[in-house]
There are 2 protein chains.
Amino acid sequence: MQKQTDYADAVKTKYPEQIVIAVAKDKTGRANPITLGWTMLASGTPPMMAISVAKTHYSIQTIRFSECFTISFPSADMAAQALLFGSKSGSDTGKFAESECKTEPAKQIDSLLLSDAVANFECTLVSETDAGDHIIFLGKIIAAHKNTEPKKRLYTIGPNHQLGKTT
Amino acid sequence: MQKQTDYADAVKTKYPEQIVIAVAKDKTGRANPITLGWTMLASGTPPMMAISVAKTHYSIQTIRFSECFTISFPSADMAAQALLFGSKSGSDTGKFAESECKTEPAKQIDSLLLSDAVANFECTLVSETDAGDHIIFLGKIIAAHKNTEPKKRLYTIGPNHQLGKTT
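Criteria and thresholds
- Residues numbered from 1 in each chain as written.
- Chains lettered and ligands numbered in written order.
- Predicted model: local features only at pLDDT ≥ 70, side-chain atom pairs only at ≥ 80, totals over all residues.
- Helix = DSSP H or I, 4+ residues; strand = E, 2+ residues; numbered from the N terminus.
- Rg over C-alpha atoms; globule rule 2.2 N^0.38 Å.
- Buried ≥ 20, exposed ≤ 12 C-beta atoms within 10 Å, placed from the backbone.
- Contact = placed C-beta atoms within 7 Å.
- Pairing = 2+ DSSP bridges.
- Nonpolar A, V, L, I, M, F, W, Y, C, P; charged D, E, K, R; others polar.
- Core = buried A, V, L, I, M, F, W, Y, C linked by C-beta atoms within 7 Å.
- Least-squares fit on C-alpha atoms with pLDDT ≥ 70 in both.
- Arc of directions from axis to C-beta.
- pLDDT = per-residue confidence, 0-100.

Examining the overall build of chain A
The helix and strand inventory of chain A stands at four helices and 13 strands. Its C-alpha radius of gyration of 16 Å places chain A within 12% of the 15 Å reference for a compact globule of 167 residues. Summarising its shape, the C-alpha atoms of chain A cover approximately 50 × 40 × 35 Å along the three principal directions. Here chain A, with 167 residues, has 53% of them falling under the buried criterion. Once local pairs closer than 6 in sequence are excluded, the contacts in chain A between residues at least 24 apart make up 64%.

This is how it looks when you write it as structure tokens:
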């Protein structure tokens, strides 16, 4: 049976929520990673993914500048990196330099892949859509990569940035 | 270490993937549910959610007609209903009539809530965005409901529509 409640209460039932790390270069050429829980596949043919990014975040500028970005599925052993990339701003911090996150160049776009991730998807920017206090960026996937070892994907498993794997 | 592969292979690492059931009425007043794995939160203030719906699906017409829809988080014991709502077309089938899914009227929009779901969100249509073979519908959440009993959310846990709960 349903009981009406406020949005903030009802949305607590969303967990576990998948996580991605999106990477785009800024105008100085510095790659900026951001951790996002608001993401989905959006098209099958051609393959596309969507991410929703807060308007206040530096990543807005980097994606608009680059017109491309990587979407990475972090592995369950990347929780510390996901927390770092989700809590600091890339406008004044080189987030990759502060982390021990291993990267490698993307193949088709000017961005980076996360070497220890479960998978990485190289996207070109298709469109952006205004969504309240966020922007939805839609990316067309033009190259895909997966880890040579099987890895479990990282999720937000509860409030206050509790990260972990699922079974 | 990353190895380039085709998209269809890399995207198999996405599981578990959350599921929602979106409900909108058609021009005859019949409520049409569709099961979707491609969904995300999209804005915090005001709260918004996005869903990506295949262009061939009857739900496109129902959402455009109603200009509102419910997003429901099915519970882990709703797998049979989720499979039914995801595999039949509402253009020639009354999917609710064929199922044993309990519903109740939405409070703020002309749609239905799923009584046994974990939570339900009433949305008004904000925009639609072309996304390859899908349409992204963005909805503003104007009312929210949760189950009076604690329930586990339903996920796609592997290929070929394997549904289940996570821990």
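A short note on the pairing of strand 3 (residues 20-25) of chain B
Strand residues, when the strand is regular, have side chains that alternate between the two faces of the sheet. Residue and element names in this part refer to chain B. Here strand 3 lies mainly inside the structure; six of its six residues are buried. The side-chain alternation of strand 3 yields two buried faces, one formed by Val20, Ala22 and Ala24 and the other by Ile21, Val23 and Lys25. Sheet topology note: the strand 3/strand 4 (residues 31-36) ladder contains six bridges and is antiparallel. Within strand 4, the residue paired with Ile21 across the bridge is Thr35.

Thoughts on the sheet that holds strand 12 (residues 155-158) of chain A
Across the sheet, which stays open at both edges, the three strands sit in the order 2-12-13 (chain A) with antiparallel pairing between neighbours. The sheet terminates laterally at strand 2 (17-18) and strand 13 (162-164) of chain A, the two strands that pair on one side only.

Observations regarding the interface of chain A and chain B
Contacts between chain A and chain B engage 51 residues on the former and 51 residues on the latter. If one sorts the elements of the side of chain A that touches chain B by residue count, strand 11 (residues 134-147) of chain A sits on top with nine residues. The residue inventory of the side of chain A that touches chain B, partitioned by class, reads 23 nonpolar, 20 polar and eight charged. Relative to strand 1 (residues 2-5) of chain B, strand 11 of chain A is paired through four bridges, and the arrangement is antiparallel. By the bridge assignment, His145(A) is partnered in strand 1 of chain B with Gln4(B).

Quick look at the pairing of strand 12 of chain A
Residue and element names in this part refer to chain A. Pairing geometry for strand 2 and strand 12, over two bridges, is antiparallel. Counterpart to Gln18 in the pairing with strand 12 is Tyr155. Two strands pair when backbone bridges link them, and strand 12 and strand 13 are joined in this way by three bridges, in the antiparallel orientation. Looking at the pairing, Tyr155 lines up with Gly164 of strand 13. Between strand 12 and strand 13, which pair antiparallel one after the other, the connecting turn spans three residues, and Asn160 there sits at a positive phi close to 60°.

Examining the nonpolar core
Formed by 104 residues in total, the largest nonpolar core has its most connected members in Ala50(A) and Ala50(B). Leaving out residues up to four positions away in the same chain, Ala50(A) has contacts with Thr39(A), Met40(A), Ala42(A), Ile136(A), Phe137(A), Leu138(A), Met40(B), Ala50(B) and Ile136(B).

Comments concerning the relation of the copies chain A and chain B
With an RMSD of 0.0 Å, chain A superimposes on chain B once it is rotated by 180° and translated 0.0 Å along the axis. Such values leave the two copies arranged in the relation of a two-fold axis. Residue by residue, 100% of the interface of chain A is reproduced at the interface of chain B, so both copies engage with the same surface.

Remarks on the sheet that holds strand 2 (residues 17-18) of chain B
Taking strand neighbours across the sheet as the criterion, the three strands line up as 2-12-13 (chain B) in an open arrangement whose pairing is antiparallel. Of all strands in the sheet, those bounded by a partner on one side alone are strand 2 and strand 13 (162-164) of chain B.

Remarks on helix 3 (residues 79-87) of chain A
Residue and element names in this part refer to chain A. What helix 3 keeps buried is the set Gln81, Ala82 and Phe85. Buried residues along helix 3 cover an arc of 100° about the axis, so they all sit on one side. For helix 3, the exposed residues set more than 90 degrees away from the buried face come down to Ala80 and Ser87. On its buried side, helix 3 packs onto strand 3 (20-25), strand 4 (31-36), helix 4 (95-98) and strand 13.

Things to note about the environment of Cys123(B)
Residue and element names in this part refer to chain B. As for its position among the elements, Cys123 is in strand 10 (residues 119-131). As for Cys123 and Ile136, which are separated by 13 residues in sequence, their C-alpha atoms are 14 Å apart. Setting aside chain neighbours within four positions, we find Cys123 in contact with Met49, Cys68, Phe69, Thr70, Ile71, Gly139, Lys140 and Ile141.

Some details on the confidence of the model for chain A
Averaged over every residue, the pLDDT of chain A is 96; residues scoring 70 or more account for 100%. We note a pTM of 0.97 for the whole complex and an ipTM of 0.96 for its interfaces.

Thoughts on unusual backbone geometry
In terms of backbone geometry, most residues other than glycine have negative phi values and most peptide bonds are trans. Cis geometry is found at the peptide bond from Tyr15(B) to Pro16(B), where omega equals -5°. Mapped onto the secondary structure, Pro16(B) falls in the loop between helix 1 (7-10) and strand 2. In the segment running from Thr45(B) into Pro46(B), the intervening peptide bond is cis, with an omega of -5°. In this model, Asn160(A) sits at a positive phi of 60°, which is unusual for a non-glycine residue.

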